[in-house]
Amino acid sequence: MHFQQLTYFVAVAETRHFTRAAEAVHVSQPSLSQQIRALETELGAELFSRARGNIALTDAGEALLPLARRILADAETARQEVQELVQLRSGRVRLGATPSLCTGLLPDVLRAFHDRHPGVRLLLEEGGSHDLVRQLARGALDLALVVLPLPAGSPALTTVELLHEDLVVVSSAAEPAPGRGGRVRIADLRDAPMVMFRHGYNLRELTLAACRAEGFEPSFTVEGGEMDAVLGFVRAGLGIAVVPGMTANRAGHDLRKTPLAGAGLRRTIALAHRSDVAPPRAARELQRMLLELGAASG
């Protein structure tokens, strides 16, 4: 008795038609019929009554059907369990993250993941949240760290909040400190030269929205950079920038970090994947580690 024979038997039992069953399991009808006859010979009993072209289960067929379904289900479970173990030894994870998280949050987490699963390849896509959402929708990523809320019209994604992070103002340590009293108000950005991220960065939209809520448009000295470029321009004294606190903490002594006054600005980081596709086993393990980190940070 072979799994293939049981698969063919269940297909005929469910369709009550040899030709349709053959189409369902992608074999020729003669091949399927031959395997059913071989199974009947092996068991010493007919499984189907074929009177007048009507296909019906015999008593032996009725007895075998639930057992066959259980055997095939157990075989599929075994295959999946083994495959998941294989994925943790030699799989891959395609992870997307914003540049600030690539430098702030991910290094320690990815190091811990690599230590536990050294055979798993980590493929990292760096980009703004809007870009990462599009990558998830195309199936190019398994997981992505994105900033909430998602852009309008985003595809169906499952998101879990990971952490909340304060935004701060960074400036060159060689320049006078912005604001007053060790804090910067959003209104103080009105006359301050700013270095601004390119379109597609959630940080850009957050900063612009806060300035517009105060009734002004900020003035940019340089516009369109990625995170490393923005920090480099700030170091050179070209202006100030609003960046995540985690990034500012790692930026070095040549940059000054100044908190925003009052309620300030915060962003919510979430872990996202497509709702219609379960991440592979290795990706789920990385997801678990990230969520544990988020819980500890909260």
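This is a predicted model, so every value here is computed, not measured. (Residues numbered from 1 in each chain as written. Predicted model: local features only at pLDDT ≥ 70, side-chain atom pairs only at ≥ 80, totals over all residues. Heavy atoms only, no water.)

Enquirer: Teacher, can you tell me more about helix H3 (residues 29-43) here?
Expert: Because an α-helix completes one turn every 3.6 residues, residues spaced three or four positions apart along the sequence face the same direction. For H3, which comprises 15 residues, the first-to-last C-alpha distance of 21 Å matches the rise-based estimate of 21 Å (1.5 Å per residue) to within 8%. Those residues of H3 that fall on the buried side of the exposure criterion are Leu-32, Ser-33, Ile-36, Leu-39 and Glu-40. Along the axis of H3, the buried positions cluster into a sector of 120 degrees, meaning they face one direction only. Away from its buried face, by an angle of more than 90 degrees, H3 presents the exposed residues Pro-30, Thr-41 and Glu-42. Positioned one or two residues after H3, Gly-44 has a phi angle of 70 degrees, which is positive. (Helix = DSSP H or I, 4+ residues; strand = E, 2+ residues; numbered from the N terminus. Expected span 1.5 Å × (residues − 1). Buried < 20%, exposed > 50% of the residue type's maximum accessible area, 1.4 Å probe, protein only. Arc of directions from axis to C-beta.)

Enquirer: When you look at the side chain of Thr-247 in this model, what are you seeing that I'm missing?
Expert: If you trace the backbone, Thr-247 turns up in helix H10 (residues 245-249). Its relative accessible area of 4% is what places Thr-247 among the buried residues. Residues within four places of Thr-247 in sequence aside, it is in contact with Ser-100, Thr-103, Glu-165, Met-227 and Leu-231. (Contact = heavy atoms within 4.5 Å.)

Enquirer: Looking at this structure, I do not really get the pairing of strand E11 (residues 266-274). What am I missing?
Expert: Both faces of the sheet carry side chains from a regular strand, because those side chains alternate between them. Within E11, seven of the nine residues are buried, which leaves the element mostly enclosed by the surrounding structure. Where strand E6 (residues 157-172) lies against E11, nine bridges are found, and the strand directions are antiparallel. Paired with Leu-163 across the bridge in E11 is Ile-269. (Pairing = 2+ DSSP bridges.)

Enquirer: What am I meant to see in the nonpolar core here?
Expert: In a soluble, globular protein the nonpolar side chains are often hidden away together inside. Ranked by size, the top nonpolar core spans 30 residues in total, and within it Val-170, Ile-186, Leu-189, Phe-197, Val-242, Val-243 and Leu-265 carry the most contacts. Of all the elements in the fold, those that place two or more residues in this core are E6, strand E7 (193-197), helix H8 (202-213), helix H9 (227-235) and strand E9 (241-244). If we ignore the near neighbours within four places in the chain, the residues touching Phe-197 are Leu-203, Arg-204, Glu-223, Gly-224, Gly-225, Glu-226, Met-227, Val-230, Val-242 and Val-243. Ala-97, Leu-101, Leu-143 and Leu-162 belong to the second largest nonpolar core, which has 24 residues in total. (Core = buried A, V, L, I, M, F, W, Y, C linked by side-chain atoms within 4.5 Å.)

Enquirer: I would appreciate a short explanation of the pattern of salt bridges in the present structure.
Expert: Pairing is possible between side chains of opposite charge, provided their charged atoms come close. Scanning the entire structure with this criterion turns up 20 salt bridges. The residue Arg-94 makes a salt bridge to Asp-142 at a minimum N-O spacing of 3.0 Å. Here the residue Arg-94 occupies a position in strand E3 (residues 92-97), and Asp-142 occupies one in the loop between helix H7 (129-137) and strand E5 (143-148), the gap between them amounting to 48 residues. The pair formed by Arg-94 and Asp-142 is uniform in burial state, with each residue classed as buried. Of the charged contacts, one joins Glu-285 and Arg-288 as a salt bridge, the two residues approaching to 2.6 Å between their closest N and O atoms. Placement of the pair is Glu-285 and Arg-288 together in helix H11 (residues 281-297), with a separation of three residues, close to one helical turn. Residue class for Arg-288 comes out partly exposed when judged on its relative accessible area of 32%. Residues joined in a network through salt bridges with shared partners are Arg-116, Arg-281, Glu-285, Arg-288 and Glu-292. (Salt bridge = Lys/Arg side-chain N within 4 Å of Asp/Glu carboxyl O.)

Enquirer: When you look at the environment of Ile-240 in this model, what are you seeing that I'm missing?
Expert: Among the secondary structure elements, Ile-240 is positioned in the loop between H9 and E9. Each C-alpha atom, one on Ile-240 and one on Met-194, is 4.8 Å from the other, the two residues being 46 residues apart in sequence. Once residues within four sequence positions are removed from consideration, Ile-240 is found in contact with Val-169, Val-170, Ser-171, Leu-189, Ala-192, Pro-193, Met-194, Val-195 and Val-234.

Enquirer: Sorry if this is basic, but what is going on with the UniProt feature "domain: HTH lysR-type" (unreviewed entry) in the protein chain here?
Expert: Here the UniProt feature "domain: HTH lysR-type" (unreviewed entry) sits at residues 1-58. Secondary structure within residues 1-58 divides into 62% helix and 7% strand; the distance between the first and last C-alpha atoms comes to 18 Å. (UniProt positions renumbered as here; feature names shortened; annotations may be inferred.)

Enquirer: Can you help me understand the packing of aromatic side chains in this one?
Expert: In this description, an aromatic ring pair is defined by two values, namely the gap between the centres and the angle between the planes. For the structure on display, the rule yields three aromatic pairs. Taking the centre distance of 5.4 Å and the plane angle of 50 degrees together, the rings of Phe-9 and Phe-48 count as tilted. Of this pair, Phe-9 sits in helix H1 (residues 3-15) while Phe-48 is found in strand E1 (residues 48-49), placing the two residues 39 residues apart along the sequence. By relative accessible area, Phe-9 is classed as buried at 0%. Among the residues examined, Phe-48 registers a relative accessible area of 1% and is labelled buried. (Phe/Tyr/Trp six-rings, centres within 6.5 Å; stacked < 30°, edge-to-face > 60°.)

Enquirer: In this structure, what is going on with the environment of Arg-69? I would like to understand it.
Expert: Looking at the secondary structure, you find Arg-69 in helix H4 (residues 59-90). Classification of Arg-69 as partly exposed rests on a relative accessible area of 40%. Residues within four places of Arg-69 in sequence aside, it is in contact with Val-10 and Glu-14. A polar contact of 3.3 Å, which involves the side chain of Arg-69, links it to the side chain of Glu-14. (Polar contact = N/O pair within 3.5 Å; in protein donor to acceptor, adjacent residues only side chain to side chain.)

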